[in-house]
Amino acid sequence: MIFEELELPGLFRVTPEPHADERGFFARTHCESEFAEHGLIGRFAQSSVSFNHRRGTVRGMHFSRAPHAETKLVRCTGGLIRDAVIDLRSESPTYLRTLQVTLSAANHHALYIPAGFAHGFQTLSDDAEVLYMIDRPFVAAAADGVRWDDPAFGLAWPEPVTVIAPRDLAFPDWAGR
């Protein structure tokens, strides 16, 4: 696997290195010891799938409050998404900065998101599926979020929003916290 640290400290794009032949290819997408060699959490307690019928669907921006903050490994296993993160770590030199990357079933990239980031995505195809590997069990009482269109972050979504959950619409602006 190739580990590429992105502009926000602790955030990595993880790309498998396929071994191809006439059948197609085989590639490792996770190895606990390889993650550890890069100083990353490699043991995941849960795995979840998000399936999204319509192009333009937005999910996010979600995070879990400490002490239940989650580290995630996110991969698009069907279709195409624009993945977005916000650095909410107050001690970070990139506090409140955002980053977006394209994940797709075709490019096979994964995004390693450490605890302390808000996360969300917009589907750029119908029938997009996203796989999450999460380092700790979900605690509903710690679940939180910020609005997907909060002006404090200036996230520019690539397409008009077609579907978004009422919960995501109701998150408060960051400035009001």
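Parameters and conventions
- Residues numbered from 1 in each chain as written.
- Predicted model: local features only at pLDDT ≥ 70, side-chain atom pairs only at ≥ 80, totals over all residues.
- Heavy atoms only, no water.
- 1 Å grid on protein atoms, 1.4 Å probe; cavity = no way out; pocket = protein on both sides within 12 Å on 5 of 7 lines; lining within 4 Å.
- Points joined across faces, edges and corners; volume = space filled by probe spheres on them.
- Helix = DSSP H or I, 4+ residues; strand = E, 2+ residues; numbered from the N terminus.
- Nonpolar A, V, L, I, M, F, W, Y, C, P; charged D, E, K, R; others polar.
- Pairing = 2+ DSSP bridges.
- Axes fitted to C-alpha atoms, helices over the stretch in contact; angles between N-to-C directions.
- Core = buried A, V, L, I, M, F, W, Y, C linked by side-chain atoms within 4.5 Å.
- Buried < 20%, exposed > 50% of the residue type's maximum accessible area, 1.4 Å probe, protein only.
- Contact = heavy atoms within 4.5 Å.
- UniProt positions renumbered as here; feature names shortened; annotations may be inferred.

Quick look at the layout of surface pockets now. Roughly 560 Å³ of volume is contained in the largest pocket. Ser50, Arg59, His62, Tyr132 and Arg167 are the residues nearest the centre of the largest pocket, which is lined by 29 residues in total. At the level of secondary structure, the elements contributing two or more residues to the lining of the largest pocket comprise β5 (46–52), β6 (58–64), β11 (117–123), β12 (128–134), β13 (143–145) and α2 (166–170). In terms of residue count, the dominant contributor to the lining of the largest pocket is β5 (six residues). Its residues assigned to classes, the lining of the largest pocket shows twelve nonpolar, ten polar and seven charged.

In spatial order, the strands read β1-β2-β10-β7-β12-β5; together these six strands make up an open sheet with antiparallel pairing. Looking at the sheet topology across the chains shown, the edges are occupied by β1 (2–5) and β5. Sheet twist, expressed as the mean angle between neighbouring strand axes with direction ignored, is 25°. Taken together, the three bridges between strand β2 (residues 12–15) and strand β10 (residues 110–113) define a ladder with antiparallel strand orientation. Within β10, the position partnered with Val14 by the bridge is Ala110.

The biggest cluster of nonpolar side chains holds 18 residues, and the ones touching the most others in it are Leu11, Ile81, Val85, Leu99, Leu103, Leu111 and Ile113. Listing elements by their share of this core, those giving two or more residues are β7 (72–78), β8 (80–87), β9 (98–104), β10, β11 and β12. The leading source of residues in this core is β12, at four residues. When near neighbours in sequence (up to four residues on either side) are disregarded, Leu111 contacts Leu6, Leu11, Phe12, Lys72, Leu73, Val74, Asp83, Val85, Val101 and Leu103. Judged by nonpolar contacts, the second largest core, of 14 residues, contains Ala84, Leu88, Val146 and Trp174.

Our next topic: the pairing of β9. Counted residue by residue, β9 has five buried out of seven residues, so it is predominantly covered. Across seven bridges, the pairing between β8 and β9 is antiparallel. For Arg82, the partnering residue across the bridge sits in β9 and is Thr102.

Here we come to the UniProt feature "active site" (unreviewed entry) in the chain. The UniProt feature table records "active site" (unreviewed entry) at His62 and Tyr132. Spatial clustering of the annotated residues is evident: they stretch over 71 residues in sequence, but the largest pairwise C-alpha distance comes to 12.9 Å. Within this annotated set, the largest pocket is lined by His62 and Tyr132. On the secondary structure map, His62 appears in strand β6. With near-sequence residues (within four places) excluded, His62 lies in contact with Lys72, Phe117, Ala118, His119, Asp144, Gly145, Arg167, Asp168 and Phe171. Within the secondary structure, Tyr132 sits in strand β12. If we ignore the near neighbours within four places in the chain, the residues touching Tyr132 are Gln46, Ser47, Ser48, Ser50, Lys72, Leu73, Val74, His119 and Phe121.

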